[in-house]
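A closer look at the structure
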Amino acid sequence: MDQPLVSVIIPVYNGSNYLREAIDSILAQTYPNIETIVINDGSTDNGQTEDIILSYGDKVRYIYKENGGVATALNMGIAQMKGEYFLWLSHDDVFYPDKVQKQVQLLQSEHIRMAACSYNIFYDSGRKISVPIVDFYGDEIIQNSVFSVLHGLIQFGGVMLKKEIFDEYGIFREELRASQDYEFLFRVLRKEKCVFSNKILYGIRYHKDQGSNTLDSVNVERIQEHEMFMNKLSRKEKKNLYGSVYNFYYQMLLRLWPFPNTDSLIQQCLKQLSNEKKQKDSAIVNFVQPILIYGAGLYGRRLLFDLRCRNVNVAGFIDGNRLLWGKEIDGVLCYSVKDVERGKVSGTIIVASIFREEIAENLKLGGIAKFYFKEQWDKEHLRTAPELYKIEEVVTRYGTFSKHGKG
């Protein structure tokens, strides 16, 4: 294997809490030819972030700039990088030791310019969640154009690409504060082949201070992001993604539920659905009814909406949060696992939560061996959609979305 130089760029703003762990994870790579570039985006923490960077001496390249946001720091790093390959590591995330080596090997063996890996989500408490993205949908679906972007499966820290891609597609849009990564990936994956790997090579840290929890622009840019999905893709691209343009707009509607302030986009989806001729779907719902949804958060409520549109009987939610037990969520009662074990409520269980592995283990310990994951349901029904009248009925009854909160 050739060992071309790989440039890893870390943009950081007031990141003294986790930065050292991120840098150490690069220095611990098995691949020998790496340059680490840390861009200090105008930190205001009395020099704490800068002190950490300087403590590494010539092991890292240090660049300071006035504060301008992640995209501006990344673009400065791209302008300064000397490597043939580009990686972005957030200051609060980590690379596992063989990430660079495995991805360089993949790019070279497949003769491609872009690759993505699976990842872990982890917490400071030690809690960890595996996200094997290829297992969920398979190579054909996950590599289909921008599917991984639309479904929020691809994470930029898991991506390696050749620097020449920036020359061809442009760099990050600096006016975007929270969605510059998805906008870039959307732009590139419409034309560029990306090979996905089930190897977990990257760790994403979830914590209360991360940008998705603190940036005011997150919700605004989420709406702009979905407008981009609906308005930028051609009819051919929409059809290739989900089998028909009708199915595309139904999937977009599912992606929007139950986010707040998306009413206008929901109405746009409904208008487009009414403009498209519904093709008869051959797929039948093969899950034995009624359904119990394990997880009463965003994923569970989104699944409930889909099931209702398809006339599937939902017996209730199950959730580990005892504060939800006995309460109605979107008109459906929430139960505990013990309620299921005691026969108080019954049905086919579909797990709709990022904590799928923990939940699966708990169900098995409780003697419940038969259950499914939401991804299995989604995969089976991606290229089918309900009749418009039923979708409108559910939207009318359970909208508007701004009243539902974040889920």
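About the thresholds
- For every chain, the first residue of the written sequence is number 1, and numbering continues from 1 onward in sequence order.
- Predicted model: local features are reported for residues with pLDDT of at least 70 only, side-chain atom pairs are reported and counted for 80 or more only, and whole-chain, interface and lining totals are derived from all residues.
- Working from all heavy atoms in the structure, the side-chain values ignore hydrogens and water.
- Runs of E in the DSSP output that reach at least two residues are strands. Runs of H or I that reach at least four are helices, and both are numbered from the N terminus.
- C-alpha atoms define the radius of gyration, and 2.2 Å times the number of residues to the power 0.38 defines the globule rule.
- Buried, partly exposed and exposed residues are distinguished by accessible area as a fraction of the type maximum, computed with a 1.4 Å probe on protein chains only: under 20%, between the cut-offs, and over 50%, respectively.
- To estimate how far a helix should extend, the number of its residues minus one is multiplied by 1.5 Å.
- The rule for a disulfide is simple: a pair of cysteine sulfur atoms within 2.5 Å.
- Salt bridge criterion: a side-chain nitrogen from Lys or Arg within 4 Å of a carboxyl oxygen from Asp or Glu.
- Polar contact is the term for a pair of N or O atoms within 3.5 Å; when the atoms are in protein, one must be able to donate a hydrogen and the other to accept it, and sequence-neighboring residues count only if both atoms are side-chain atoms.
- The contact rule is simple, with two residues in contact once any of their heavy atoms fall within 4.5 Å.
- By arc we mean the arc of the directions from the helix axis to the C-beta atoms, nothing more.

Our next topic: the overall build of the protein chain. Scanning the protein chain from N- to C-terminus turns up 19 helices and 15 strands. Computed over C-alpha atoms, the radius of gyration of the protein chain comes to 22 Å, within 12% of the 22 Å expected from 2.2 N^0.38 for 407 residues, which places it in the range of a compact globule. Dimensions of the protein chain along its principal axes, counting C-alpha atoms only, are 65 × 45 × 40 Å. Here the protein chain holds 407 residues, and the buried ones make up 55% of them.

For the rest of this paragraph, the subject is helix α11 (residues 218-232). With 15 residues, α11 should cover 21 Å at 1.5 Å per step; its first-to-last C-alpha distance of 20 Å lies within 8% of that length. Taken together, the buried positions of α11 are Val-218, Glu-221, Glu-225, His-226, Met-228, Phe-229 and Met-230.

So, about the state of the cysteines. Applying the stated rule across the entire model yields zero disulfides. Between Cys-194, a free cysteine, and Cys-117, which holds the nearest cysteine sulfur, the sulfur-to-sulfur gap is 9.8 Å. This cysteine, Cys-269, is not joined by any disulfide, and Cys-309 carries the nearest cysteine sulfur, 12 Å off.

With that out of the way, let us pick up the environment of Tyr-182. You can see Tyr-182 is positioned in helix α9 (residues 180-189). Given the relative accessible area of 14%, Tyr-182 is considered buried. C-alpha of Tyr-182 to C-alpha of Phe-172: the two residues are ten residues apart in sequence and 9.8 Å apart in space.

For the coordinates displayed, the defined rule picks out 20 salt bridges. Among the ionic pairs, Lys-374 bridges to Asp-378, the shortest N-O distance being 2.8 Å. Here Asp-378 and Lys-374 lie together in helix α18 (residues 374-381), a separation of four residues that amounts to about one turn. Asp-378 shares its class with Lys-374; the two are buried. Each of the salt bridges in this network shares a partner with another, and the network as a whole consists of Arg-113, Glu-164, Glu-168 and Glu-192.

It is worth spelling out the side chain of Thr-49 at this point. By secondary structure assignment, the location of Thr-49 is in helix α2 (residues 48-54). Within the local environment of Thr-49, its side chain forms a polar contact with the backbone nitrogen of Gly-15, the two atoms lying 3.0 Å apart. A polar contact of 2.6 Å, which involves the side chain of Thr-49, links it to the side chain of Asp-45. In contact with Thr-49, not counting residues within four places along its chain, are Val-12, Asn-14, Gly-15, Ser-16, Leu-19, Asn-40 and Ser-43.

A separate point is α18. Those residues of α18 lying buried are Lys-374, Glu-375, Trp-377, Asp-378 and His-381. Projection of α18 onto a plane perpendicular to its axis shows the buried side chains occupying an angular sector of 160°, all on one side. Next to the buried residues of α18 lie α5 (133-137), α13 (245-256), α15 (298-309), β14 (348-351), α17 (356-365) and β15 (371-373).

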